[in-house]
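Residues per chain, in single letters:
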Amino acid sequence: MTTREDTPSDIQQVCIVTRYEIEKHMQSRAFIGIMALVSLILVLLTVIRPILGLDFSSDSASFVSDYVSWVEILVLIGAVAFASGALSSEFEKRTGLLMFPQPIKRETYLIGKYLSALVVIGAALGVYYIVVAVLSLAITGGVPATIILSFGFAMLYTIAACAVAFLFSSILKTNTASIVAMVLVFMMVFSIVGALLSMSNVDPFFMPSNAAGAISYSLEDPYPVTSTTQMGQNMSTTNYVPSELGATLVLLGWAIGSLVVAVVAFKRRQF
Amino acid sequence: MTQAIQIEGLTKTYGDFIAVDSLSLNISRNSFVGFLGPNGAGKSTTIKMLTNLTVATSGKAFLNGIDVVKDPKTALSEVGAVVETPEFYPYLTPDKSLEYIAKLRGMKKDDIVVRTKEVLDLVKMSHEHDMKIGKFSKGMKQRVAIAQALMFDPSIIILDEPTSGLDPRGMVEVREILLDLKKRDLTIFMSSHLLNEVQGLCDSVAMMNHGKLLLNKSIDDLKKELEYTRIQVDTIKHIDEAARSHLSENPCVGGVEVSAANQIIIEFKGGPEDRNDLLRRIDSELKVTSFFEHGNPLEEMYMGLIKESR
Ligand SMILES: Nc1ncnc2c1ncn2[C@@H]1O[C@H](COP(=O)(O)OP(=O)(O)OP(=O)(O)O)[C@@H](O)[C@H]1O
Ligand SMILES: [Mg+2]
């Protein structure tokens, strides 16, 4: 018989949940889907240019940049696939009836699930970046060192996006609602608000999608800065570039804030 | 010694609706308690408060003396539960699902392998041990859920209608498993609508309606308390009004109900001699073809109590 003394510590349980949730993700159709998407983007970007008779950029940084511009969308799709349903499905699909009566704290469970989402999306991004690096080496003869920095920002964006997805998942009744909320907020609300702020000359540095710009900007050496272009006499547009530190702090801030709310909501939620 | 399950003034409200109304109930160690009540009585809600699925509005509940509201992790460490019809992660196999839960509970790797085989054998699911659960029928999932609750040899088992969704053979099998568990050193708290099941398995029953506890008694006491036994008698001769009223004059007979032309149901009170006497009388008058106890005492009691509490 297992007794009170046998029950693993919270930290050990986080590791157990992470391990089995990863296994669950790997067996899921979503995982096959995201790997197929990664392959599709890689193949299309690599094959279409030669077919159209266009040359690849000979500069490795700008070669890589073509590929990296797709990372943001990959992260969002990953968050929708592996994080949006993580908590809501426990209620909607009734698996919580099995898991919550186990001797484990709800927050332990949430953190384990969150880490598993990061690992799985991180693995997909890792594959993507490695293939891009290999292609860059093969086609341009070099790999920009900054690609590692770009991968770092992609992971930071994953950390923030998954946290927001967990927040929706902890509050909303169904997986579908949670996915819709995620898509609306990231693809519409953040873009619209970001664009409006820029137009009224306010730096939208605190928006996650703005901070995510660092994924591409970090490929450039030196790292770019905010610049204003004069267009005619009274018109100017400002391209707000998030600083590296700023982007890091903003993304971590969103992650922590969202996770805290998600934990509170998930603990209060009941069958 | 602390009680296995101790419930003190437990209350759950949904808005204005009181689903469980300051329920107090003690379940002592090594007992097998049936938890009865009509649909919507509050059984599942009570069980959910005991298993960290729902937070009580007020009141307390202790499992092995540990407050399940304050410290669910410790309180549930020796509890196996099947609540309503739980679902498993569809992409995992029974082997993996049991392994996941067993790891969370701190079982050793070797024990997990041995025990998984044992419990899947017990619920007759060893054949499907490495198939994805997503494809399983409701009853198959319920079997795996029961296996999950037994996996780590719990000291308390909480079951919410464990045989619901099972085929007749499955019900018999689960009943046999439960009967076998009864011999062991553990406490079982089981809600059920199957009164025969409860009467056959449980030592005592707790019954609720409208969120309130109506009764908490041992099955033996219940039987003793029940005034009348209902006896169904089938006869060759037609039962007319004269025969009926003649029968009701017998001091051992409480009431007589003619349920068909050749069938009566008698409310009987008395010892074996009285019963034999009654049988002889009816036989000589109406020619008896069969004579047996009708219904079960639990059912009588249940119907009586529910009628009163409507
Ligand atoms: N989440 C909820 N929100 C609102 N009301 C609820 C909720 N869960 C249960 N109830 C109500 O609480 C009451 C008790 O429900 P419960 O599920 O505990 O009944 P039960 O005794 O298990 O019934 P059954 O025998 O049908 O399983 C019901 O009237 C039900 O409508
Ligand atoms: Mg119920």
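Each residue is numbered by its place in its chain's sequence as written, counting from 1. Chain letters and ligand numbers both follow the written order, the letters beginning at A and the numbers at 1. This being a predicted model, a pLDDT of at least 70 is required before a residue's local features are given, and a value of 80 or more before pairs of side-chain atoms are given or counted; all residues contribute to the totals for chains, interfaces and linings. Values reported for side chains reflect all heavy atoms of the structure, with hydrogen atoms and water molecules removed beforehand.

Caption draft 1: A look at the confidence of the model for chain B. For every residue, the predictor reports its confidence as pLDDT, a number between 0 and 100. Scored by pLDDT, chain B has a mean of 91; 99% of the residues are at 70 or more. For this predicted complex, the interface score ipTM comes out at 0.90, while the overall pTM is 0.90.

Caption draft 2: Fine view of the interface of chain B and chain A. Contacts between the two partners involve 40 residues from chain B and, on the opposite side, 40 residues from chain A. Of the roughly 3800 Å² buried between chain B and chain A on both sides combined, carbon and sulfur atoms contribute 58%. Once two parts are joined, some of their accessible surface, as seen by a 1.4 Å probe, is lost; buried area is that loss totalled over both. The three residues of chain B that bury the most area against chain A are Lys73, Tyr89 and Leu104 of chain B, which together make up 22% of that side's buried surface. Here, a salt bridge means any Lys or Arg side-chain nitrogen found within 4 Å of an Asp or Glu carboxyl oxygen. In this structure, the connection of chain B to chain A is made through four salt bridges. Note that glutamate 23 of chain A is salt-bridged to lysine 96 of chain B, the shortest N-O span being 3.2 Å. Distance and chemistry together define a polar contact, namely a pair of N or O atoms within 3.5 Å, with one atom able to donate a hydrogen and the other to accept it when in protein, and with adjacent residues in sequence counting only for side-chain atoms on both sides. The interface formed by chain B and chain A contains 19 residue pairs in polar contact (both at pLDDT 80 or more). At six residues, helix α3 (residues 94-104) of chain B tops the list of elements feeding residues into the side of chain B that touches chain A. Gly counts as polar in this scheme, as do all residues outside two lists: the nonpolar Ala, Val, Leu, Ile, Met, Phe, Trp, Tyr, Cys and Pro, and the charged Asp, Glu, Lys and Arg. Broken down by class, the residue content of the side of chain B that touches chain A amounts to 18 nonpolar, 10 polar and 12 charged. Contacts: residue pairs with any heavy atoms within 4.5 Å of one another. Each helix corresponds to a stretch of at least 4 residues labelled H or I by DSSP, and each strand to a stretch of at least 2 residues labelled E; elements are numbered beginning at the N terminus.

Caption draft 3: Representation of the pairing of strand β1 (residues 227-231) of chain A. Residue and element names in this part refer to chain A. Of the strand pairs in this sheet, β1 and strand β2 (residues 235-239) are connected by five bridges, and their pairing is antiparallel. The residue of β2 that forms the bridge with glutamine 230 is serine 236. Linkage of β1 to β2, two consecutive antiparallel strands, is achieved through a turn of three residues, within which glycine 232 is found at a positive phi near 75°. Paired strands, in this sense, are two strands between which DSSP finds at least two bridges.

Caption draft 4: Layout of the pattern of salt bridges. All names here are of chain A. Summed over the entire model, instances satisfying the criterion amount to 32 salt bridges over all chains. With its nearest N and O atoms 2.9 Å apart, the salt bridge here joins lysine 267 to glutamate 107. With lysine 267 in helix α12 (residues 244-268) and glutamate 107 in helix α7 (residues 106-140), this residue pair connects regions lying 160 residues apart in the sequence. You can call lysine 267 partly exposed: its relative accessible area is 42%. When a residue's accessible area, from a 1.4 Å probe over protein chains only, is under 20% of the maximum for its type it is buried; when over 50% it is exposed; and in between it is partly exposed. According to the relative accessible area criterion, glutamate 107 is partly exposed, its value standing at 22%.

Caption draft 5: Local environment of the side chain of asparagine 209 of chain B. All names here are of chain B. Its place among the elements puts asparagine 209 in strand β9 (residues 204-209). Asparagine 209 sits in the buried class, given a relative accessible area of 5%. Ignoring anything within four residues of it in the chain, the contact list for asparagine 209 reads Pro38, Ala41, Leu214, Ile306 and Ser309.

Caption draft 6: A look at the nonpolar core. The biggest cluster of nonpolar side chains holds 161 residues, and the ones touching the most others in it are Ile5, Tyr100, Ile158 and Phe189 of chain B. Of all hydrophobic cores here, the second largest spans 14 residues; its members include Ile231, Ile264, Phe268 and Ile282 of chain B. In these notes, a set of buried Ala, Val, Leu, Ile, Met, Phe, Trp, Tyr and Cys residues joined through side-chain atoms within 4.5 Å is what counts as a nonpolar core.

Caption draft 7: Structural view of the site of ligand 1. All names here are of chain B. One heavy atom within 4 Å of a molecule or strand is enough for the residue carrying it to be called near that molecule or strand. Gly40, Lys43, Ser44, Thr45 and His193 are the nearest of the 13 residues found near ligand 1. A distance of 2.7 Å separates an oxygen atom of ligand 1 from a polar atom in the side chain of lysine 43. Serine 44 is positioned with one of its side-chain polar atoms (N or O) 2.7 Å from an oxygen atom of ligand 1. For every accessible area listed, the method is Shrake-Rupley and the probe measures 1.4 Å; residues are considered covered only by the protein chains on display. Bound to the protein, ligand 1 loses 65% of the 630 Å² it would expose on its own. Where the shell around ligand 1 is concerned, the elements lending two or more residues are β2 (17-27) and α1 (43-50). Sort the elements by how many residues they give to the shell around ligand 1 and α1 lands first, with three residues. In terms of residue class, the shell around ligand 1 is made up of five nonpolar, six polar and two charged.

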